[in-house]
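Architecture and fold: a report
Spelled out from the first residue to the last, the chains are:
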Amino acid sequence: MLAPSLFRHLTRITSPPTGAPQSTQSTIQTLRLAICEGTFGLSEGVQARRSSTEPTGSPQPDPAVDTQSPPGASKPKAFEQYLNVEDSRLLSHLKTCSAMSRLPYDLWFKRCFAGCLPESSLQRVWDKVVSGSCKILVFVAVEILLTFKIKVMALNSAEKITKFLENIPQDSSDAIVSKAIDLWHKHCGTPVHSA
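This one's a predicted model, so the numbers in the text were calculated from it and none came from an experiment. (Residues numbered from 1 in each chain as written. Predicted model: local features only at pLDDT ≥ 70, side-chain atom pairs only at ≥ 80, totals over all residues. Heavy atoms only, no water.)

Scanning the chain for helices and strands turns up ten helices and zero strands. When the helices and strands of the chain are listed from N to C terminus, the series reads α-α-α-α-α-α-α-α-α-α. Here the chain, with 195 residues, has 45% of them falling under the buried criterion. On the chain, roughly 9800 Å² of surface is accessible, and the fraction owed to carbon and sulfur atoms is 53%. (Helix = DSSP H or I, 4+ residues; strand = E, 2+ residues; numbered from the N terminus. Buried < 20%, exposed > 50% of the residue type's maximum accessible area, 1.4 Å probe, protein only. Areas by Shrake-Rupley, 256 points an atom, 1.4 Å probe, with all protein chains shown as cover.)

Right, here's the structure in full:
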């Protein structure tokens, strides 16, 4: 389990403070890159931009966000794939409402659910992330949609869906994380280090 002091530190570093030293900004960018690179397949240009996280004296763009692609392109490729496997009808509804490009991807994947889930649930997710199982973030996002499927299906605009998903009810977060871990095991198997 994450030590509470490490957990509090990680929740604070999702965005560097104004005027933070270059080394701090570089560390934050490296953490984001490690979380999002490869496992998520955010963009083909991420690997090429890896060198941009090295200190050069001026802040570099966040490598986890693909600024060259249209909105919504920074979502993990695996997210849509697993959502389709779990509930193709829900995915179809999100596409029909043009909500796929408007989902709160920054809140989910860039901030690793900080500000979305309460601390107790967030610790369980971040334990997996810190131990190298970053794909858990994809399954938490999928499970949020599955848990609130009825509500999401009743909403017919991207704006309403996004607003709801940015402020999900906190009382079901422990169940969401437990089910997300089950989905992760179902699709990815039991990792060697947890056996």
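So, on to the packing of helix H3 (residues 77–86) against helix H10 (residues 173–188). Orientation of H3 relative to H10, taken along the N-to-C sense of each, is 95 degrees, at an axis distance of 13 Å. When the axes of H3 and H10 are compared, the pair comes out roughly perpendicular. Contact with H3, carried on its side by Tyr 82, Val 85 and Glu 86, involves Leu 183, Lys 186, His 187 and Cys 188 of H10 and no other residues of that element. For the contact of H3 with H10, the per-class residue count stands at four nonpolar, one polar and two charged. (Axes fitted to C-alpha atoms, helices over the stretch in contact; angles between N-to-C directions. Parallel < 35°, antiparallel > 145°, perpendicular 65-115°, else oblique. Contact = heavy atoms within 4.5 Å. Nonpolar A, V, L, I, M, F, W, Y, C, P; charged D, E, K, R; others polar.)

Further remarks concern the pattern of salt bridges. If you walk through the whole model with that rule in mind, you get four salt bridges. The salt bridge partner of Lys 149 is Asp 87, with a shortest N-O separation of 2.7 Å. One end of the pair, Lys 149, is in helix H8 (residues 149–154); the other, Asp 87, is in the loop between H3 and helix H4 (88–96), with 62 residues separating them in the sequence. Two residues, Arg 102 and Glu 159, come together in a salt bridge whose shortest N-O distance is 2.8 Å. Placement of Arg 102 in the loop between H4 and helix H5 (105–110) and of Glu 159 in helix H9 (residues 158–166) is noted, with a sequence separation of 57 residues between them. (Salt bridge = Lys/Arg side-chain N within 4 Å of Asp/Glu carboxyl O.)

Grouped together as the largest cluster of nonpolar side chains are 48 residues, with contacts concentrated most on Phe 79 and Trp 108. Elements supplying a minimum of two residues to this core: H3, H4, H5, helix H6 (119–130), helix H7 (136–147), H9 and H10. Excluding residues that lie within four positions of it along the chain, Trp 108 makes contacts with Phe 79, Leu 103, Phe 113, Cys 116, Ala 141, Ile 144, Leu 145 and Leu 165. (Core = buried A, V, L, I, M, F, W, Y, C linked by side-chain atoms within 4.5 Å.)

It is worth spelling out the packing of aromatic side chains at this point. Considering all chains together, one arrives at ten aromatic pairs under this definition. Judged by centre distance (6.1 Å) and plane angle (15 degrees), the ring pair of Tyr 105 and Phe 109 falls under stacked. Highlighted residues: Tyr 105 and Phe 109, both in helix H5, separated by four residues, approximately one helical turn. In this structure Tyr 105 comes out as buried when scored by relative accessible area, which is 5%. A residue is classified by how much of its surface remains accessible, and Phe 109, at 3% relative accessible area, is buried. (Phe/Tyr/Trp six-rings, centres within 6.5 Å; stacked < 30°, edge-to-face > 60°.)

This brings us to H9. Helical periodicity: at 3.6 residues per turn, an α-helix aligns residues three or four positions apart in one direction. Taken residue by residue, H9 has Ala 158, Ile 161, Thr 162, Phe 164 and Leu 165 as its buried positions. Projected down its long axis, H9 carries its buried residues within an arc of 165 degrees, all on one side. Opposite the packed face of H9, turned more than 90 degrees from it, sit the exposed residues Lys 160 and Lys 163. Close packing links the buried residues of H9 with H4, H5, H7 and H8. (Arc of directions from axis to C-beta.)

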